[in-house]
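Single-letter residue listing:
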Amino acid sequence: MSVTQPIRNTEQLKLLKSYYLSEKRNPRDYMLIILGLNTALRISDILRLTYGDVYDYQRKEWKTHIVIIEQKTGKQNRIYMNREVKTVFRNYTDPSSCTPSTWIFTSQKQKKGHLSRYQAYRIVKAAGAFAGLNESISCHSLRKTFGYHAWKQGTAPALLMSIFNHSAYQITKRYLCIEQDDKDEVFAKIKL
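Caption draft 1: Quick look at the overall build of the chain. In terms of helices and strands, the chain carries 10 helices and 4 strands. When the helices and strands of the chain are listed from N to C terminus, the series reads α-α-α-α-β-β-β-β-α-α-α-α-α-α. Its C-alpha atoms give the chain a radius of gyration of 17 Å, within 12% of the compact-globule value 16 Å for 192 residues. With the C-alpha coordinates of the chain rotated into their principal frame, the extents come out at 60 × 35 × 30 Å. Of all 192 residues assigned to the chain, the portion counted as buried reaches 43%. The long-range share in the chain, meaning contacts at least 24 apart out of those at least 6 apart in sequence, stands at 62%. By element, 51% of the accessible surface of the chain is carried by carbon and sulfur atoms, the whole surface being about 11,100 Å². Distance from the positive charge centre (31 side chains) to the negative charge centre (16 side chains) of the chain: 5 Å.

Caption draft 2: Representation of the nonpolar core. With 40 residues, the main nonpolar core has Leu16, Leu32, Val54, Phe89, Ile104 and Phe105 as its most contacted residues. Tallying contributions element by element places helix H2 (residues 27-39) first for this core, with 7 residues. Ignoring anything within four residues of it in the chain, the contact list for Phe105 reads Arg28, Met31, Leu32, Leu35, Ile46, Leu47, His114 and Leu115. Counting residues in each nonpolar core, the second largest holds 6 residues, with Ala40, Ala150, Phe164 and Leu176 among its members.

The rules we used
- Residues numbered from 1 in each chain as written.
- Predicted model: local features only at pLDDT ≥ 70, side-chain atom pairs only at ≥ 80, totals over all residues.
- Heavy atoms only, no water.
- Helix = DSSP H or I, 4+ residues; strand = E, 2+ residues; numbered from the N terminus.
- Rg over C-alpha atoms; globule rule 2.2 N^0.38 Å.
- Buried < 20%, exposed > 50% of the residue type's maximum accessible area, 1.4 Å probe, protein only.
- Contact = heavy atoms within 4.5 Å.
- Areas by Shrake-Rupley, 256 points an atom, 1.4 Å probe, with all protein chains shown as cover.
- Lys, Arg positive; Asp, Glu negative; His and termini not counted.
- Charge placed at Lys NZ, Arg CZ, Asp CG, Glu CD.
- Core = buried A, V, L, I, M, F, W, Y, C linked by side-chain atoms within 4.5 Å.

What follows is the structure, encoded as C-alpha cells:
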C-alpha cells in the first residue's frame, strides 16, 4: 500500500492546477484544488464549507479568514484566505446568488448536498494523472503539498504543526515526507 505523497515537483504542481482551468474546464473542481493547496484543510472540512464561511453578507465582501471547527479533531482552526484563494472565489463564484448556508462545493447529483469525498478523490486523481503523478496522490496530497512547500520555503515545522492542528511533532514530520534529496540539499548548502 502506497503512502499519500505531497507534490514536490513544481512543474507537476502547475499542471495539476491547470487541469480544471484550461484542459477540462470546471470552475468548481479548480476551486477545490486551489483551496486544498492553499488552506491545508482536510478534504472533509473543505467539502463542508458554505458561502457564509468565506463571505460576509452584511459587508458584502470576502472574509479575511475561514474559521471552522475541524470535523476530525473538533478543534477550531482559523485559516487566512490568501490572494490565490480570494482570486479563485472572486473569479468563479457569485455569493449574491446564494445564501450563507449554500455549500460551495455543491453536488451535481444531490442539489442540496455537498460533493462527496469519493467524488473529490476522483477530481484530484484525474488532475494528478494529467500532471503525470503516480498512484500515491489523493485529496490528502493537497494538504501535504501545502506543508512540504511551506517547509521548503522556510516555515518552521513547529509552526506547521500549529497550522495543521497536529497533536504531536511526529505527525507533522511524517506529513513533510522528507526524502534523502531534501537532506542532501541541507548538507550541500551548509558552510561552516
